[in-house]
Amino acid sequence: MSKLKPGQFDELLFGLGLSHKEASLLLNVKPFQIYNWVNGIDAIPEDLSKRILEMEDHVEDYVFTFMSEIDTIIEKKGKKPTVIPVIRYLGNQVFKKYMPNEHAKFTYFKIFNSAISRIRIDAVRDEINLIAVNFDPESYTQFLGDNEDSDLQRTAWAETIVKN
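**As for the overall build of the protein**
Move 1: The number of helices and strands found in the protein is nine helices and two strands.
Move 2: Projected onto the principal axes, the alpha-carbon positions of the protein cover approximately 55 × 35 × 20 Å.
Move 3: Counting over 164 residues, the protein shows a buried share of 38%.
Move 4: Once local pairs closer than 6 in sequence are excluded, the contacts in the protein between residues at least 24 apart make up 66%.
Move 5: A total accessible area of about 10100 Å² is found for the protein, and carbon and sulfur atoms account for 52% of it.
Move 6: Within the protein, the 25 negative side-chain charges are centred at a point lying 2 Å from the centre of the 20 positive side-chain charges.

**So, the layout of surface pockets**
Move 1: Roughly 930 Å³ of internal volume is contained in the largest pocket.
Move 2: In this structure, the largest pocket is lined by 34 residues; those nearest its centre are Tyr-62, Phe-66, Glu-69, Asp-151 and Thr-155.
Move 3: For the lining of the largest pocket, the secondary-structure elements that each account for two or more residues are helix H4 (46–77), strand S1 (84–88), helix H6 (100–106), helix H7 (109–125) and helix H9 (151–163).
Move 4: At 10 residues, H4 tops the list of elements feeding residues into the lining of the largest pocket.
Move 5: A breakdown of the residues in the lining of the largest pocket according to their chemical character gives 20 nonpolar, five polar and nine charged.

**With respect to the packing of H4 against H7**
Move 1: Close contact between H4 and H7 brings their axes to 9 Å; oriented N to C, the two are set at 40°. Overall, the two elements H4 and H7 adopt an arrangement that is oblique. Taken as a pair, H4 and H7 cross one another with a handedness that is right-handed. Every residue of H7 that contacts H4 at Met-55, Glu-56, Val-59, Glu-60, Tyr-62, Val-63, Phe-66 and Met-67 is listed here: Ile-111, Phe-112, Ala-115, Ile-116, Arg-118, Ile-119, Asp-122 and Ala-123.
Move 2: Looking at the contact of H4 with H7 residue by residue, the classes come out as 12 nonpolar, no polar and four charged.

**Let's talk about the nonpolar core**
Move 1: If you look at the biggest cluster of nonpolar residues, it comprises 48 residues, and the most contacted ones within it are Phe-9, Ile-34, Tyr-62, Ile-111 and Leu-130.
Move 2: Broken down by element, this core gets its largest block of residues, 10 residues, from H4.
Move 3: Discounting residues that sit within four places of it in the chain, Tyr-62 has contacts with Met-99, Glu-102, Phe-106, Phe-112, Ala-115, Ile-116 and Ile-119.

**Focus: the packing of helix H8 (residues 137–144) against H9**
The geometry of a pair of packed helices is captured by two quantities: the angle between their axes and the separation between those axes.
Move 1: Two elements in contact, H8 and H9, have axes separated by 10 Å at closest approach and are oriented at 110°. Overall, the two elements H8 and H9 adopt an arrangement that is roughly perpendicular. Every residue of H9 that contacts H8 at Ser-139, Tyr-140, Phe-143 and Leu-144 is listed here: Gln-153, Arg-154, Ala-156, Trp-157, Thr-160 and Ile-161.
Move 2: Partitioned by chemical class, the residues of the contact of H8 with H9 number six nonpolar, three polar and one charged.

**Some remarks on the side chain of Glu-22**
Move 1: Looking at the element boundaries, Glu-22 is found in helix H2 (residues 20–27).
Move 2: In this structure the side chain of Glu-22 is engaged in a polar contact, spanning 2.9 Å, whose partner is the backbone nitrogen of Ser-19.
Move 3: Setting aside its immediate chain neighbours within four residues, Glu-22 contacts Gly-17, Tyr-108 and Lys-110.

**Some remarks on the packing of aromatic side chains**
Move 1: Inspection of every chain in the model, using the stated rule, returns 15 aromatic pairs.
Move 2: Here Tyr-140 and Trp-157 contribute two aromatic rings whose centre-to-centre distance is 6.1 Å and whose plane-to-plane angle is 80°, an arrangement assigned as edge-to-face. Within this pair, whereas Tyr-140 is found in helix H8, its partner Trp-157 is found in helix H9, the two being separated by 17 residues in sequence. Each member of the pair, Tyr-140 as well as Trp-157, carries the same accessibility label: buried.

Reading the values: rules and limits
- Counting from 1, residues in each chain are numbered in the order their sequence is written.
- In keeping with the predicted nature of the model, local features appear solely for residues at pLDDT of at least 70, side-chain atom pairs appear and are counted solely at 80 or more, and the whole-chain, interface and lining totals rest on all residues.
- No hydrogens and no water enter the side-chain calculation; it runs on all heavy atoms of the structure.
- Per the convention used, a helix needs a DSSP run of H or I reaching at least four residues, while a strand needs a run of E reaching at least two, with both numbered from the N terminus.
- Per-residue accessibility, obtained with a 1.4 Å probe over protein chains only, is compared with the maximum for each type, and a residue is labelled buried under 20%, exposed over 50%, and partly exposed between these values.
- Any two residues whose heavy atoms approach within 4.5 Å at even a single point are treated as in contact.
- Using a 1.4 Å probe, the Shrake-Rupley method yields the accessible areas, and only the shown protein chains count as cover for residues.
- Only four residue types enter the charge count, namely Lys and Arg as positive and Asp and Glu as negative; His and the chain termini do not.
- Lys charges are placed at NZ, Arg charges at CZ, Asp charges at CG and Glu charges at CD.
- A 1.4 Å probe that fits into a set of points on a 1 Å grid over the protein atoms alone but cannot get out defines a cavity; an open set with protein on both sides within 12 Å along at least five of seven lines defines a pocket, and lining residues are those with an atom within 4 Å of a point.
- Grid points are joined across faces, edges and corners, and a volume is the space filled by probe spheres set on the points.
- Here the term charged refers only to Asp, Glu, Lys and Arg, the term nonpolar to Ala, Val, Leu, Ile, Met, Phe, Trp, Tyr, Cys and Pro, and the term polar to all other amino acids, Gly among them.
- Lines fitted to C-alpha atoms define the axes here, with helix axes fitted over just the stretch in contact, and angles between the N-to-C directions of these axes take values from 0 to 180 degrees.
- Angles are sorted into four bins: roughly parallel if under 35 degrees, roughly antiparallel if over 145, roughly perpendicular if 65 to 115, and oblique for all others.
- With the far helix as reference, a near helix turned anticlockwise by less than a right angle produces a left-handed crossing, and one turned clockwise produces a right-handed crossing.
- Nonpolar cores are built from buried Ala, Val, Leu, Ile, Met, Phe, Trp, Tyr and Cys residues. Side-chain atoms within 4.5 Å join them into one set.
- Here a polar contact means two N or O atoms within 3.5 Å. Within protein one must be a hydrogen donor candidate and the other an acceptor candidate, and residues neighboring in sequence count only if both atoms are side-chain atoms.
- Working definition: rings of Phe, Tyr and Trp (its six-membered ring) pair if their centres are within 6.5 Å, and the pair is stacked with planes under 30 degrees apart, edge-to-face with planes over 60 apart, and tilted otherwise.

Here it is, written out as structure tokens:
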């Protein structure tokens with residue numbers, strides 16, 4: 001059985017931005033099982049605690065990588081930018097379509113958005129202003145025109161949203 005204690009399991013779910021119901025759907029178990037694990041009624045199966053810990057690791061890795069990219073931007077510009085846009089994907093369909101690699105790791109858009117929230121907290125500590133931009137496929141498609149979709153294009157699109 002799991003080395004995670006019930007309180008640790010519940011904290012991980014909370015940190016990932018998951019309600020107990022969402023966690024049950026993501027882990028493919030009944031909601032009462034999450035309740036039983038969180039309350040120490042039943043032991044948390046090792047494979048499921050491992051999945052939650054892996055999701056947490058993905059979030060932490062993403063935050064670290066993103067913050068490193070911000071450091072690179074600051075080095076190139078020689079100063080901190082006044083604003084850096086961060087794209088938030090609302091809905092699993094949009095997230096899966098536009099961020100397939102991240103979707104494969106996070107599996108659920110709310111977990112990715114939890115990573116974005118952590119990035120924003122870290123950025124504030126570093127006195128960097130990150131502005132969350134909700135991804136709008138229609139607006140982005142118009143912006144993109146005949147150009148290929150890429151992370152760079154999405155960032156450029158987000159910058160135009162922030163400026164408006």
